[in-house]
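Structure at a glance
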Amino acid sequence: MLLKVSHKTVLPPAEIVITGSKSESNRLLILQALFDNLTIDNVSNSDDAAVMQKALASTQETVNIHHAGTAMRFLTAYFSIQEGRKTVLTGSERMQERPMKILVEALQTLGADISYVNNEGYPPLRIKGKLLQEKKVSLQANVSSQYISALMLIGGALPEGLEIHLEGKITSIPYIEMTLALLLDVGIQGSFKNQIITIQSLKQKLPAKKIVVESDWSSASYYFSIVALSARQAQDKSQKQNQSNSTISISSYKKDSLQGDSVLQSIYAQLGVYSKIAGHQLNLSLIEDFNFPEQIRLDLSKCPDIAQTIAVTCLGLGISCDLTGLHTLKIKETDRLEALREEISKLGGNITVTNDSLHLEAQTTPLTSGVSIATYHDHRMAMAFAPLAMLVPLQIEDAGVVSKSYPDFWSDLEQLGFLTEQV
Ligand SMILES: O=C(O)C1=C[C@@H](OP(=O)(O)O)[C@@H](O)[C@H](O)C1
Ligand SMILES: C=C(OP(=O)(O)O)C(=O)O
């Protein structure tokens, strides 16, 4: 679906509802399948959570998780301990290019029976579920935190629990902390100190528990970008008066989030966005008379999923940006660094990327109008670029790709004065 996107030029006040974090949902769904007695409220309506639910309910040998990284990694661990069950775990073409070796080797050390159907190190995987007797494992921690979370999630179900030694620099740490916090919350004991994680074996049935998932902060990032860009839109159209009062209110959020992407609040405070959590509402508005910086430098190794949003906001605001800690972007839904380089260049931006960083020059000329943004099967490419329609009309290719994490994205944007038309 090719979608033409433009904007009515005034950002109206709006109330948006985003469903639960896909990261928290997919962890809790695994824990629910392993330990029963858990009720989950506000589960993510994303495709990634839907494929997780379907996989956990499936009795078929072949389980296809499509594009969902968390489902691929968490289910590899999950099916490894389903005694007597044979599973072929597969995914989309891109998923078959996303590395699995570090997790597979760690599980094999614990005694798992996993082999590769085609290419060594990559899905599809053939898994024969069995009782894993070992309790100690070491793995490289700088490629994906999802491997570590996958092991942690099954730790409580192993007879001796689990001791995980992390080698090297740990990437995406907040996601590991999220996993531990959820384990503790459901009643599984564990700790994460220095480079060692321990998870205690669960010896008795868990007490019944209901968990309400906080809404998804990564999905909220696009609204931070929209609010920031509304300052630029007002400047371009001399409509300062109209713009300054609009508040976008998004539910349901909390102050002590388990999601690392809640760092959006402090990052976007540097880009003119005032944000406050009142009750369960996250309210976003422009800081009045804000002095925008000429340049921003951020290390995003703890929050890789908001890199695209931030790069595009800076492009629209004409702010130079240096983003580092981006090494994991190359192995996500697409090579996000290359995808950003291509698409930002099309709009007239001056961008350079390395294997783990991105540099964007301050944009001094108007963005190219009417550009067709390719999305590379990556939901975040579509959603990160859409806010630029406040400044220039553009087209988003394969716009349905957003459903991986945020199926209601386009209809929610309409509430904010965006106009979308299928072409
Ligand atoms: O554990 C999780 O829920 C996730 C961890 C991160 O991946 P990496 O650890 O591979 O960076 C993140 O990018 C992904 O969207 C979700
Ligand atoms: C990287 C992402 O997801 P996953 O790795 O779970 O496919 C994402 O949602 O940005």
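Residues numbered from 1 in each chain as written. Chains lettered and ligands numbered in written order. Predicted model: local features only at pLDDT ≥ 70, side-chain atom pairs only at ≥ 80, totals over all residues. Heavy atoms only, no water.

As named in an unreviewed UniProt entry, the protein chain is 3-phosphoshikimate 1-carboxyvinyltransferase, taken from Dokdonia sinensis. The record held by UniProt for the protein chain lists under Catalytic activity (unreviewed entry) the comment "3-phosphoshikimate + phosphoenolpyruvate = 5-O-(1-carboxyvinyl)-3-phosphoshikimate + phosphate". (UniProt positions renumbered as here; feature names shortened; annotations may be inferred.)

This model, assessed by the stated rule, comprises 16 salt bridges. Here lysine 404 and aspartate 48 are joined by a salt bridge, their closest N and O atoms 2.7 Å apart. Placement of the pair is lysine 404 in the loop between strand E21 (394–396) and helix H13 (409–414) and aspartate 48 in helix H2 (residues 47–57), with a sequence separation of 356 residues. By relative accessible area, which is 2% here, aspartate 48 ends up buried. Measuring nitrogen to oxygen at the nearest pair gives 2.7 Å for the salt bridge that ties glutamate 333 to lysine 404. Of this pair, glutamate 333 sits in the loop between strand E17 (320–324) and helix H11 (336–346) while lysine 404 is found in the loop between E21 and H13, placing the two residues 71 residues apart along the sequence. For the pair glutamate 333 and lysine 404, one class covers both residues: buried. A network of salt bridges, in which partner residues are shared, links Lys22, Asp48, Asp305, Glu333, Arg336, Asp378, Arg380 and Lys404. (Salt bridge = Lys/Arg side-chain N within 4 Å of Asp/Glu carboxyl O. Helix = DSSP H or I, 4+ residues; strand = E, 2+ residues; numbered from the N terminus. Buried < 20%, exposed > 50% of the residue type's maximum accessible area, 1.4 Å probe, protein only.)

On to the site of ligand 2, then. Taken together, 14 residues surround ligand 2, and among them Lys22, Gly69, Arg98, Arg380 and Lys404 come closest. Contact between ligand 2 and histidine 67: an oxygen atom at 3.5 Å from a main-chain N or O atom of the residue. Within the side chain of aspartate 305, an N or O atom sits 3.4 Å from an oxygen atom of ligand 2. If ligand 2 stood free it would expose 300 Å²; the protein chains cover 98% of that surface. Secondary-structure elements contributing two or more residues to the shell around ligand 2 are helix H3 (69–80) and helix H12 (379–385). When the residues that make up the shell around ligand 2 are grouped by side-chain class, the tally is 1 nonpolar, 5 polar and 8 charged. Summarising the domain contributions, the shell around ligand 2 has at least three residues from each of domain 1 (3–18 + 215–422) and domain 2 (22–212). (Near = heavy atom within 4 Å. Polar contact = N/O pair within 3.5 Å; in protein donor to acceptor, adjacent residues only side chain to side chain. Areas by Shrake-Rupley, 256 points an atom, 1.4 Å probe, with all protein chains shown as cover. Nonpolar A, V, L, I, M, F, W, Y, C, P; charged D, E, K, R; others polar. Domains from an automatic or database assignment.)

So, about the site of ligand 1. By nearness alone, every residue bordering ligand 1 is listed as Ser23, Arg27, Thr70, Ser144, Ser145, Gln146, Ser172, Tyr175, Pro304, Asp305, Thr328 and Lys332. Between ligand 1 and the protein, one listed contact pairs an oxygen atom with a side-chain N or O atom of serine 172 at 2.7 Å. Here ligand 1, which alone exposes 390 Å², has 96% of that area covered by the protein. Secondary-structure elements contributing two or more residues to the shell around ligand 1 are helix H1 (22–35) and helix H5 (145–155). Its residues assigned to classes, the shell around ligand 1 shows 2 nonpolar, 7 polar and 3 charged. The residues that make up the shell around ligand 1 include at least three from each of domain 1 (3–18 + 215–422) and domain 2 (22–212).

Attention now goes to the environment of alanine 220. With respect to the helices and strands, the residue alanine 220 is situated in helix H7 (residues 217–237). In this structure alanine 220 comes out as buried when scored by relative accessible area, which is 0%. Taking the C-alpha atoms as reference points, alanine 220 and isoleucine 18, 202 residues apart in sequence, are found 7.7 Å from one another.

The next point concerns the sheet that holds strand E1 (residues 3–7). Taken in spatial order, the 4 strands line up as E20-E21-E1-E22 in an open sheet, and their pairing is mixed. Strand pairing shows two members of the sheet lacking a second neighbour, strand E20 (372–373) and strand E22 (418–422), which therefore form its edges. With 2 bridges connecting them, E20 and E21 associate as parallel partners. Pairing of serine 372 across the sheet is with glutamine 395, part of E21. (Pairing = 2+ DSSP bridges.)

The assigned domain composition of the protein chain is domain 1 (3–18 + 215–422) and domain 2 (22–212). Inter-centroid distance (C-alpha atoms) of domain 1 to domain 2 is 31 Å. Across the contact, 25 residues belong to domain 1 and 22 residues belong to domain 2. Each partner contributes to the roughly 2,000 Å² buried at the junction of domain 1 and domain 2, and carbon and sulfur atoms together form 46% of this total. Three residues, Leu258, Ile331 and Lys404, lead the burial of domain 1 against domain 2; their summed loss comes to 33% of the area buried on that side. Inspection of the region where domain 1 meets domain 2 yields 16 residue pairs in polar contact (both at pLDDT 80 or more). Here the side of domain 1 that touches domain 2 is composed, by residue class, of 4 nonpolar, 10 polar and 11 charged. (Contact = heavy atoms within 4.5 Å. Buried area = accessible area lost by both parts, 1.4 Å probe.)

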